[in-house]
Amino acid sequence: MAIAGPAGEALRSLTEDQVKFIKTLPKAELHAHLNGSIPISVLQDLAREYVSSGAPPVSETGLSNEAIQAAMNRLLDGPTLDEISHFFTLFPAIYALTSTPEALARATRAVLSEFLDGEYPQCTYLELRSTPKETLTMSREKYVRVVLGELARYGVQRVGLVVSLDRRMGEDVLRECLDVAKKLKGEGEPVVGVDLCGDPMAGDMASFQKYFEEAKSAGLGVTLHIAETVNNPASETLQLLSFSPDRLGHATFLDDVAKKLVAEQNTCVEICLTSNLLCKTVPTLDDHHINHYLRENHPIAICTDDILPFRTSLVGEYALLMAQPPLGFGMSEDELIQVGTRDIVLIGPELPSHLHKQNKEEQEDDIDKITSIRPVIPSEPLNATKPADDEEDDEDDYVPALPPDMVAMRSAGPSNSVLPTSTQSSSNSSTSKRVVGPSLPSYPPTYDPMFHSSYAEDDDDDDDFGPKPLPAGVRHAETDAVKEFMEREERRRKEAEEAAKPKALKRDEWMLVPPTSSDLLGNLDPTKLKARQFSRSTAPAVKKQDNSLWTETPAERQQRLADEVSGKKRRAADPKVEEESDERKRRRMDEDVIRKGVDEYTQKRRGPALMAQHAASGKAEPSKDKEGGIWDHSRDMSLGGRLMDDEKRGKLVREAAGLGDRFGTAKSGGFL
Ligand SMILES: CNc1ncnc2c1ncn2[C@@H]1O[C@H](COP(=O)(O)O)[C@@H](O)[C@H]1O
């Protein structure tokens, strides 16, 4: 296919040797859309057949012959796109031409041949992706089966299929596509993962989450087109990162938070240079986000995206890396080896380590031997899409091994690289068990260049403190930093919300609960009953004060009153009935004896009281009541007169006689 545009210019600026180096460099293509990669000559054939088929002017997909012709002309000229949304208008015509099983099979065969055949295949391993479509003659399952039928010609070591989920899909179509992917993977087909693609501004990503989670649990890899345009909101990017993707498509507009997360997760980014330039999401190579990832020594994979409209190839994309600025990045051969083969993360195959090569010399050996080590079409029958019986005992062998030359380059370390060095350790062996889904990165979980370089060099771990890092190539598969980050953020948000709320005033406990003992409380009566008597004692009224009445609730109060009425409890206000102690009894009896003695002595020495004497003399006088007239002064005004009857008089006399008793004893009731 003719290479034009930026990739064409870069390619033309390279020497023959440089071009040969790129062509023979083992490469993996991990981001290629089937319908965007059909060679133009094949599409022209399909268009001619479509127009001359005598079918009515409107095809089953609703496109007229004229519309097909116009689209073909656009593709032949090399479409100019004002913005990325124009890019998607190219596809209805292409879809019309690949809407039958036969046409789809032809198109797929041509795409596979473009990438994998020839003296210098574009790549040694291809992950082709396509969106299952339903047409008049194909169900979505049939669509995927037709594509897989063509993949089977190359075998699982050279190609795998990623099922794309379009951002415009509704839930029922998403469900159907995912079920198809799972089903065919279950049948042993090389369905290695799922992708999120389509118009970057379409769809609500919240409804996609469960499908990608389900895909992951089914052992499928996940790659997502993410932050492809400046208009993709940061919140959507974070949401997509929370799906725990294994790889990211484009990742052009990550903000600092997203960049940090991607760095922490060490997620491989699929870089499509020409695609970004032609869709105008990136103005120049100088502005391209690849610069950020190169600086950070972050894993990237160089890819083509859609070689049909972008008129590029994988060789063209590598030419952009190697060409001198401003046509390219001016990378050396060593840097190309490092970028192209070492850091990529395949969703499918894992790399046997015995084939890893360490430096450029070994790489050159490989290049000289390229024809001999280039993978050959597997010997199994072309239509053998199911695992062979003799693989039964290797029950973990879900994904294919890389072809030997790909493997050889995976760990090759550059000898004079100007890129940040990262040490590659051969963590995998050809005998090791396969990993379902993404392969493991080649360095410790949290990437730190400082730590990284010392990690491989320092054999002596005597002085190491803290937990040992995981072996090279192993990462915390279960650690979901995005999830943790989101949870942390949520917690922080809730705390801030809580702090912002007006606080309900609350009294300290000391204000609500009375102290256990205090003189003040000892003298107060919570029942509010009025005192009826003077206090009879100087001793503290109650030693152990029950203050529960101070804090009782209305319900408790009701219960207490009910208990008091029913006699279950003594009245809270009743003074405590204290048992008279023996000591007090004795004292009282002693006082009675003394009082008796004093009375007898007084009686004897003083004689009868004046009152008694007077009463005795009065008894002898005869009563004048009946004999006197109506008014007699001495009779009527005397103590025995009419103003006071006998009863009143008697009471008065008794009280007067006891007058001395009231003050006769001390407060305690005894004699002084
Ligand atoms: C420019 N970058 C891109 N961004 C987003 N989606 C893209 C894309 N390039 C291609 N596609 C997606 O791939 C489909 C074509 O291949 P398949 O029919 O699946 O084989 C396009 O319709 C689009 O949805």
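What counts and what doesn't
Residues numbered from 1 in each chain as written. Predicted model: local features only at pLDDT ≥ 70, side-chain atom pairs only at ≥ 80, totals over all residues. Heavy atoms only, no water. Helix = DSSP H or I, 4+ residues; strand = E, 2+ residues; numbered from the N terminus. Buried < 20%, exposed > 50% of the residue type's maximum accessible area, 1.4 Å probe, protein only. Contact = heavy atoms within 4.5 Å. Areas by Shrake-Rupley, 256 points an atom, 1.4 Å probe, with all protein chains shown as cover. Near = heavy atom within 4 Å. Polar contact = N/O pair within 3.5 Å; in protein donor to acceptor, adjacent residues only side chain to side chain. Pairing = 2+ DSSP bridges. Right-handed = clockwise from strand over helix to strand, strands pointing away. Axes fitted to C-alpha atoms, helices over the stretch in contact; angles between N-to-C directions. Parallel < 35°, antiparallel > 145°, perpendicular 65-115°, else oblique. Left-handed = near helix turned anticlockwise from the far one by under 90°. Phe/Tyr/Trp six-rings, centres within 6.5 Å; stacked < 30°, edge-to-face > 60°. Lys NZ or Arg CZ within 6 Å of the ring centre and 35° of its normal. Disulfide = S-S within 2.5 Å. pLDDT = per-residue confidence, 0-100.

(A) Main features of the overall build of the chain. On a plain count of helices and strands, the chain comes out with 31 helices and eight strands. For the chain, with 672 residues in total, the buried portion stands at 43%. The contacts in the chain between residues at least 6 apart in sequence include a share of 77% that link residues at least 24 apart. Of the roughly 37900 Å² that the chain leaves accessible, carbon and sulfur atoms contribute 53%.

(B) Inspection of the site of the ligand at higher detail. Around the ligand, the structure places 21 residues, and the nearest of them are Tyr95, Ser130, Thr131, Lys133 and Asp306. Between an oxygen atom of the ligand and a side-chain N or O atom of Tyr95, the distance comes to 2.6 Å. A distance of 3.0 Å separates a nitrogen atom of the ligand from a polar backbone atom of Gly198. Here the ligand loses 99% of its free accessible area of 510 Å² to cover by the protein chains. Secondary structure elements with two or more residues in the shell around the ligand: α6 (91-97) and β2 (125-130).

(C) Focus on the pairing of strand β3 (residues 159-166). The element β3 is extensively covered by neighbouring structure, given that eight of its eight residues are classed as buried. In β3, alternate side chains face the same way, and those of Val159, Leu161, Val163 and Leu165 on one face and Gly160, Val162, Ser164 and Asp166 on the other are all buried. Pairing geometry for β2 and β3, over five bridges, is parallel. In the strand pairing of β3, Leu128 is matched with Leu161. In this fold, the crossover linking β2 to β3 by way of helix α8 (residues 140-151) has right-handed handedness. Pairing between β3 and strand β4 (residues 191-197): six bridges, direction parallel.

(D) Representation of the environment of Val42 within the structure. You can see Val42 is positioned in helix α3 (residues 40-52). With 61 residues separating them along the chain, Val42 and Ala103 place their C-alpha atoms 9.8 Å apart. In contact with Val42, not counting residues within four places along its chain, are Arg106, Ala107 and Ala110.

(E) The packing of α3 against helix α4 (residues 65-77), seen in detail. Where α3 contacts α4, the axes come no closer than 10 Å and their chain directions differ by 165°. Taken together, α3 and α4 sit at an angle that is classed as roughly antiparallel. In this structure, α3 meets α4 at a crossing whose hand is left-handed. Across the interface between the two elements, Ile40, Leu43, Gln44, Ala47, Tyr50 and Val51 from α3 touch Asn65, Ile68, Met72, Leu75 and Leu76 from α4.

(F) Local environment of helix α16 (residues 314-322). With respect to burial, α16 is a largely interior element, nine of its nine residues being buried. Of all the positions in α16, only Leu314, Val315, Gly316, Glu317, Tyr318, Ala319, Leu320, Leu321 and Met322 are classed as buried.

(G) Representation of the packing of aromatic side chains within the structure. Under the counting rule described, the total for this entry stands at five aromatic pairs. Aromatic pair Phe87 and Phe88: ring centres 5.2 Å apart, planes at 80°, arrangement edge-to-face. Taken as a pair, Phe87 and Phe88 share a single burial class, namely buried. With 5.2 Å between their ring centres and 70° between their planes, Phe87 and Phe91 make a pair best called edge-to-face. Judged by relative accessible area, Phe91 falls into the buried class, the value being 10%. A cation sits over an aromatic face here: Lys27 above Tyr318, 5.9 Å from the ring centre.

(H) Representation of unusual backbone geometry in the model. Going from Pro325 to Pro326, the amide bond is cis rather than trans, its omega being 5°. In this structure, Ser244 takes a positive phi of about 55° despite not being glycine. Mapped onto the elements, Ser244 comes out in the loop between α11 (234-241) and β6 (247-250). Residue classification places Ser244 among the buried positions, given a relative accessible area of 18%. Although it is not a glycine, Ala251 sits at a positive phi angle of roughly 50°.

(I) Representation of the state of the cysteines in the model. Summed over the entire model, instances satisfying the criterion amount to zero disulfides. Cys303 carries a free sulfur, and the closest cysteine sulfur to it, the one in Cys272, is 5.2 Å from it.

(J) Region of the structure containing the side chain of Glu335. Position of Glu335 among the secondary structure elements: in helix α17 (residues 333-342). A polar atom in the side chain of Glu335 sits 2.8 Å from the backbone nitrogen of Ser332.

(K) Summary view of the confidence of the model for the chain. When pLDDT is averaged along the chain, the result is 76, and 66% of the positions lie at 70 or above. Low pLDDT, under 50, characterises residues 348-360; the stretch is placed with 59 contacts to residues that sit more than four places away or in other chains. The low-confidence segment residues 362-401 (pLDDT under 50) makes 60 contacts with residues lying over four places distant or belonging to another chain. Model confidence for the complex is summarised by a pTM of 0.59, with the ipTM given as 0.99.

(L) Region of interest: the sheet that holds strand β8 (residues 300-302). Sheet architecture is open: eight strands sit in the order β1-β2-β3-β4-β5-β6-β7-β8, paired in parallel fashion. Two strands in the sheet have a free side with no partner beyond their single neighbour: β1 (28-33) and β8. When strand polarity is set aside, the average angle formed by the axes of neighbouring strands in this sheet is 25°. Sheet topology places β4 next to strand β5 (residues 221-226); four bridges connect them, and they run parallel. Counted as the bridge partner of Asp195 is Thr223 from β5.

(M) Up close: the environment of Thr551. By secondary structure assignment, the location of Thr551 is in helix α25 (residues 548-551). Taking the C-alpha atoms as reference, Thr551 lies 6.8 Å from Val513; in sequence the two are 38 residues apart. Ignoring any residue separated from it by four or fewer positions in sequence, one finds Thr551 in contact with Leu512, Val513, Pro514 and Glu556.

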